[in-house]
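A structural walkthrough
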Amino acid sequence: MTVSVDDIKALRAETGAGVMACRTALSEADGDLEQARALLRERGVATAAKRAHRDTAEGIVESYLHRGRIGAMLELNCETDFVARTDVFKELAHDIAMQIASMNPQVIDAADLPADADGDPAELALLSQTFIKDPSKTIQDLITDAVATTGEKIAVRRFARYELGGEA
């Protein structure tokens, strides 16, 4: 099947995937944008799994302040400083810092929760929280999408949240 340039552009704008990856996904999906998105997501998960063992020694520290009353700081790491300087990576860091300020996660991953933790692990662990800007995705989904776009492993190293008048 011949895929239109407009469909490739639309899929690329939406997913951030490369032109050839979008073209291939659309061809395999017979022009169905929804199915092509699903194929790109699956490939992103596969890419993330392949890179799971890699070291993430570069990255950025991102901060977010909400009305001067709540603040969050995040260390988000990747494999190279080249990726750390991209808009995709910077936007991901900002979105995650905003998520931390808004949703007050206790740990990065549900596996890090103590056995006696009060509450739903999906709400207490950052990676399993529903993204505040798009409830159809989790924070882990955002990271997986960024891995598919950048081609590098991305990991949340640590974070802190402060609230004026909050508990220490």
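Structural notes, computed from the coordinates.

**Here's the deal with the pairing of strand 1 (residues 58-66)**
The sheet contact formed by strand 1 and strand 2 (residues 70-78) spans nine bridges and is antiparallel. Looking at strand 2, one finds that Tyr64 is bridged to Ala72. Hairpin connection between strand 1 and strand 2: a loop of three residues separates the two successive antiparallel strands, and Arg67 in this loop has a positive phi of roughly 55 degrees.

**So, unusual backbone geometry**
Although it is not a glycine, Arg67 sits at a positive phi angle of roughly 55 degrees. Among the residues examined, Arg67 registers a relative accessible area of 72% and is labelled exposed. Even without glycine at this site, Asn104 takes up a positive phi of about 50 degrees. Assignment of secondary structure puts Asn104 in the loop between helix 5 (87-103) and helix 6 (121-124). The class of Asn104 is partly exposed, set by a relative accessible area of 34%.

Quick notes on the rules
- Residues numbered from 1 in each chain as written.
- Predicted model: local features only at pLDDT ≥ 70, side-chain atom pairs only at ≥ 80, totals over all residues.
- Heavy atoms only, no water.
- Pairing = 2+ DSSP bridges.
- Helix = DSSP H or I, 4+ residues; strand = E, 2+ residues; numbered from the N terminus.
- Buried < 20%, exposed > 50% of the residue type's maximum accessible area, 1.4 Å probe, protein only.

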